[in-house]
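Architecture and fold: a report
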Amino acid sequence: MFNRVLTLFNKPKNNIRIIPKMSAEQEPPVKKQKPNYNFRQDEDYTRLEEKNPDLKKRKVAMIFGYAGTGYSGLQYNGVHKTIEKEIWENLILNGYVSKDNAVDLKKTGWQRCARTDKGVHALGNLISFKIQFNEKDKTKEEIEQEFITKMNSTLPEQIRMFGCQRVTGGFDAKNSCSSRMYEYLLPTYSFIGPQKDKSGIYNELRDKNFNGGYENYEDLENDKYWDELKQIGIEKFGKELYEDIKNFKFSTDKEESVDPERISLYEKSKTLKALENNFKNSYRLSEKKLNDFRMMMSQYLGYHNFHNYTIGQSFKSASSFRYMININVEDPIVNNGIEWVKIKIHGQSFMLHQIRKMIAMAVLCCRYQCSKDLIQESFTSKRFNIPKAPPLGLYLNHPIFDFANKKLVQNGHLPIDFTRFENDMDLLQKNHVFDKIYNVEVEENIYTTFFKFIDGFKFNNEISELSVQDKESKSTEELEQNSSNPFAFFINCKKRWDDDIENEILYIDDSNFKKMKEEEKEKKRLMRLEKRNERLAQEALEKQESGAADEAKKDEEIKSKDVKKDEELKSEDVKEDEEIKSETVTFIEPKQEA
């Protein structure tokens, strides 16, 4: 140790390090190895599996679809039941992933294309990873068909494999995807406005002290619906009994539970509920509201800051900007007596909860007759607490690989084309996705419960009890800040439908959207040109006026100079005359001597 210290202090000037000689008995220090926490200690697991020379490892794109009901989303998440966990276990079971790689998805280069939330479906999705299979004496079609058959025989019915094709080594399911197509199914009775009652959001929307100073708020279509629904109950039970049934509240008290009168009211309330559900299911969306909804959805087209449409995202963050390529609201269809509308959203990429918040924002703007400017305002730095629409109707249709397909074709691989799986995707959609959406909504009334929950918020109980004079003394901004309603911005909206252009629909597809933007750009250019010409004309007029004034001023100056000069000349002449006169006076002729 002492020799080593001396070596450090007596270091040569040429920076050559002298390493002391080690004795034969000394051994170099052993490098400490990190423990492998991912190593599975199963009895049937062997660290080094005997390799089969016929098995080849290849990079593939696995194409599949699923109904997300009963699963905690797509992504593998430990012990939770997810789609990826189900697929991964079946890949190991069928021998497509070796036991050495079974401990971690990352060992196979696992990458998903589009992540879906809990309960969300996907008609077509894609995962890229390295797989091992036997290629001996088999064509590509036979290998793919064998994979599909094996996997579908062990997977649940609601998860289906569609294909497995070779891709290049640099292919990445997430980064190679150019855009994604999502769809959302929405029952049209979601557009029915708040129920008529003596207090709450219905009256606040019609009170100018709450609704941003709007005096002529009315929704005749909504009022007609609730009046007809009430009339059905009165015709069935009579006015007094109908009021008693509406005011009935279920109680767990033992004495009340055996009361015959309360039992009778309870049975009648179930009958009334069934009548109300049947009437609600018969609701059909008007053409005006459908066009208004299309106009609201068209506001999302293009490049916007969607920081209000997700969680934990800052307005200044570059990742908050997303590009929506196309949005199409199809004509309504009727299934099992309920009218549904399908919304197709084609975007470059999406954030967590973004689509559900987009749908909720557009629908609530229609229900509360807000202007489309409110959606445009949500793209600014102002914070909006936008609720999430139910996940039931949301599903991924398929991802799109426009640019990656060109490279695949150049390298002799098939392009990723979901059209060749249309029959399988339609079968999954019919048997598992659509049926689950329809049946769950009929049984649980998820959309009705969601919008009723939003309508249940009052602007503020304390503010509602203020006198008219106190309400008028406060601005709408002060009322909104003091409100306990997180969705007060819908009530306090400064503009309503009347401020929008009637039946204004801003899109059909991406080309029309770009055309519209070009027209707006040209319109702004012409406006700028017109303003510039006006400014130049004004400057020329001012210059002309100033020039005329300068010339007049110059003329006056010249005239004043001439007058001054004339005066000076006159004064000089007068002076000369006076001098001459003085000289004649002072001159005396001399006397002649005699």
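Preceding block: the structure.
Since the structure is predicted, the reported quantities are computational estimates derived from the model, not experimental observations.

This part covers the packing of aromatic side chains. Scanning all chains against the criterion turns up 25 aromatic pairs. Between Trp110 and Phe129, the ring centres sit 5.0 Å apart and the planes meet at 45°, which makes this aromatic pair tilted. Of this pair, Trp110 sits in the loop between α2 (83-93) and β2 (111-112) while Phe129 sits in strand β3 (residues 121-134), and the two are 19 residues apart along the sequence. Phe129 shares its class with Trp110; the two are buried. Pairing Phe450 with Phe451 gives two aromatic rings, centres 4.9 Å apart and planes at 75°, and the pair type is edge-to-face. There is no split in this pair, since Phe450 and Phe451 are both buried. Joined through ring pairs, the aromatic side chains of Tyr184, Trp340, Tyr395, Phe434, Tyr438 and Tyr447 make up one cluster. For the cation-ring pair, Lys81 lies above Tyr71, with the distance from its terminal atom to the ring centre recorded as 4.7 Å.

Burial of strand β9 (residues 338-347) is extensive: nine of the ten residues sit out of reach of the surface. For strand β5 (residues 179-187) and β9, the ladder comprises eight bridges, and the chain directions are antiparallel. The residue bridging Tyr182 from the neighbouring strand is Ile345, located in β9. As defined by bridge partners, strand β8 (residues 333-335) adjoins β9 across three bridges and the pair is classed as antiparallel. When the bridges of β9 are listed, Asn335 appears paired with Ile338. Following β8, the chain reverses through two residues before pairing antiparallel with β9; Asn336 in that reversal takes a positive phi of roughly 55°.

This paragraph deals with helix α13 (residues 422-444). Between its first and last C-alpha atoms α13 spans 31 Å; for 23 residues at 1.5 Å apiece the expected length is 33 Å, and the two agree. The largest bend along α13 measures about 45° and falls at Gln429. Listed as buried for α13 are Met425, Leu428, Gln429, His432, Val433, Phe434, Ile437, Tyr438, Val440 and Glu441.

Quick notes on the rules
Residues numbered from 1 in each chain as written. Predicted model: local features only at pLDDT ≥ 70, side-chain atom pairs only at ≥ 80, totals over all residues. Heavy atoms only, no water. Phe/Tyr/Trp six-rings, centres within 6.5 Å; stacked < 30°, edge-to-face > 60°. Helix = DSSP H or I, 4+ residues; strand = E, 2+ residues; numbered from the N terminus. Buried < 20%, exposed > 50% of the residue type's maximum accessible area, 1.4 Å probe, protein only. Lys NZ or Arg CZ within 6 Å of the ring centre and 35° of its normal. Pairing = 2+ DSSP bridges. Expected span 1.5 Å × (residues − 1). Bend = angle between axes of the 7 residues up to and from the residue.

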